[in-house]
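Structure assessment
The lines below spell out each chain.
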Amino acid sequence: MLKKVLLSIFILFLFLLYFSQNSYKNENIVVASSMPLSGIMKPWGEGARNSIDAFFSYINQNNILNDRKLEFVTLDDKYEPDLTEENISLLLSNPDTFLLFAMVGTPTVKRAIPIINENNSFLFAPFSGASFLRDNNFSTILNFRTSYEDEINSLVDYIVEEKNHQNIAIFYQNDEYGEEGYISFLKALNKHKLNPSSFGTYTRNTLAINLAFNKIKEEKPQTVFLIGSYKANALFIQKAKNSEEFKDTIFCNISFSDANSIVKELKNKDIDTSNLIFSQVVPNYLDKNIELAKEYQNLIENYAQNKELSFLSFEAFLASKALVNAIKENINNLSLKKIYKSLENRDCNGLEKKVYLFEYLDDKFIEINP
C-alpha cells in the first residue's frame, strides 16, 4: 500500500514538474515578430504592427487578461530572409519570448522555420499563403489566412468564366513567394485547359521590372496577374496604363500585394484605377453590416497611432483577436501547447475562411459577386 502511495506521489511530482517547465509564468506576455519596418515593404509591416499594437493596447488598458499585460516586440527585417534569420534567433534566445506572431512574407518565414523548430517555439498567423505552410505535419506553425492557391483559383475562374479571357499573362517576384504564385497560376489555368500567354519576373526588393514589362507587352494580354510587392505591381500598372498594348487589360492582384497601397500609389500619380481586381482573405473592412468590421473601425479610431484602415490591417486585427481569445482562455495555465490547441479547435476569425474579390470603383472597394 505504501509503495502505491509513494508511486502516486512520484507520478504527481513528475507531472507537476513537467507542467511547471512548460507553463509561461511571466506577468508580461511577450509576443514577438520579425517584420519589414523599412524598405520597399515598409507599409506592410507598419500596417500590421499598427493594428496589433492597437488591439494589445485595448486589452491592456481594459485589464482583459487579469492583470497580465501583452507586449508586442518587433524587429525590422526589411523583407530580407538573412535579416529574418538573425532576428528570429535573437528573439527566441530571449527566455521572455512566449511565441511568434504575424511574420510577413513567404521567403522570410521559410528561412525562420528551422529556427522555430529547433527552439520548440510556435508561430501563429504568418502573413503568407504559401503551400509549404499548410503541411499538416507542422506542429509549430498555425495559419490564420487561406492560401495563395485558393486566391489565384478564384481569380482565374472569374477571369475565364465571367470575363471570357484566354490571353492571360503573369508578372511575378523571382523568389519563393512569386514561384508559389506562378505554380498556382499554372495549375488554375490548366483546369481551364489554358497556358499563360507570357510571363516576366523581377528581383525581390527592387523595381527592375522593364524586361518583364516589355516581354509581357508584346502579347497584348487581356489580363495580367501580378504576384509581387505593392511598389512593383503599382509601377507595372502605371507603365501599362500609359501603353496602348494594355488599353483594356485587367490587372489581378492577390492579397499580399496590398490593395490599399497599390491604389494609393496610383492615385498619388494620377493614374487611372479602373480594371483593377484584388483577391482578399478578409471581407470589406468598411462593411457596417459586419460586426467585426465595426469593432475594427472603433479600435483603430480609439487606440491606433495611425488611423488608416486597410485590408491587411483588418486581417492583423482579426488574427490578434483570435490569439488573445486563446490566451484569455488559458490565462491561468499558459503554454504553447494549450494555445495551439485552442487556436486549432476554433474558427479563428469568426468568419468563413474564403476568398473575396474586389474591384476599385468610385474611390472605394466594391465586392464582386458578394
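Residues numbered from 1 in each chain as written. Predicted model: local features only at pLDDT ≥ 70, side-chain atom pairs only at ≥ 80, totals over all residues. Heavy atoms only, no water.

**Some points on the overall build of the protein chain**
Here is the rule we go by: Strands are runs of DSSP state E lasting at least 2 residues, helices are runs of H or I lasting at least 4, and numbering of each runs from the N terminus. Here the globule rule reads 2.2 Å times residues to the power 0.38, and the radius of gyration is calculated from C-alpha atoms. Each residue is placed in one exposure class: buried if its accessible area under a 1.4 Å probe, protein chains only, is under 20% of its type's maximum, exposed if it is over 50%, and partly exposed if it falls in between.
Per the secondary structure count, the protein chain includes 12 helices and 12 strands. Over its C-alpha trace the protein chain gives a radius of gyration of 22 Å, about what one expects of a compact globule, namely 21 Å for 370 residues. The principal-axis extent of the C-alpha atoms belonging to the protein chain is close to 90 × 40 × 35 Å. A buried classification covers 54% of the 370 residues belonging to the protein chain.

**Let's talk about the pattern of salt bridges**
We apply this condition: Whenever a carboxyl oxygen of Asp or Glu lies within 4 Å of a side-chain nitrogen of Lys or Arg, that contact is scored as a salt bridge.
The final tally for this structure, using the stated rule, is 15 salt bridges. Note that Glu 80 is salt-bridged to Arg 204, the shortest N-O span being 3.6 Å. Within this pair, whereas Glu 80 is found in the loop between β2 (69-76) and α3 (81-93), its partner Arg 204 is found in the loop between β7 (198-202) and α7 (210-217), the two being separated by 124 residues in sequence. With its nearest N and O atoms 2.6 Å apart, the salt bridge here joins Arg 111 to Asp 82. With Arg 111 in helix α4 (residues 106-118) and Asp 82 in helix α3, this pair connects stretches of sequence that are 29 residues apart. Asp 82 sits in the partly exposed class, given a relative accessible area of 48%.

**Comments concerning the side chain of Thr 146**
This is how it is decided: Side-chain atoms alone can form a polar contact between residues adjacent in sequence; in general such a contact is a pair of N or O atoms within 3.5 Å, and within protein one must be able to donate a hydrogen while the other accepts it. Here, residues are in contact when the closest pair of their heavy atoms is within 4.5 Å.
With respect to the helices and strands, Thr 146 occurs in the loop between β5 (141-142) and α5 (148-162). Only 2.8 Å separates the side chain of Thr 146 from the side chain of Asp 150, close enough to count as a polar contact. Excluding residues within four positions of it along the chain, Thr 146 makes contact with Gly 129, Arg 134, Val 281, Lys 353, Lys 354 and Val 355.

**Remarks on the environment of Leu 83**
Tracing the backbone through its elements, the reader meets Leu 83 in helix α3. On the basis of relative accessible area, Leu 83 is assigned to the partly exposed category, the value being 24%. Distance from Leu 83 to Glu 301, taken between C-alpha atoms, is 33 Å for residues 218 residues apart in sequence.

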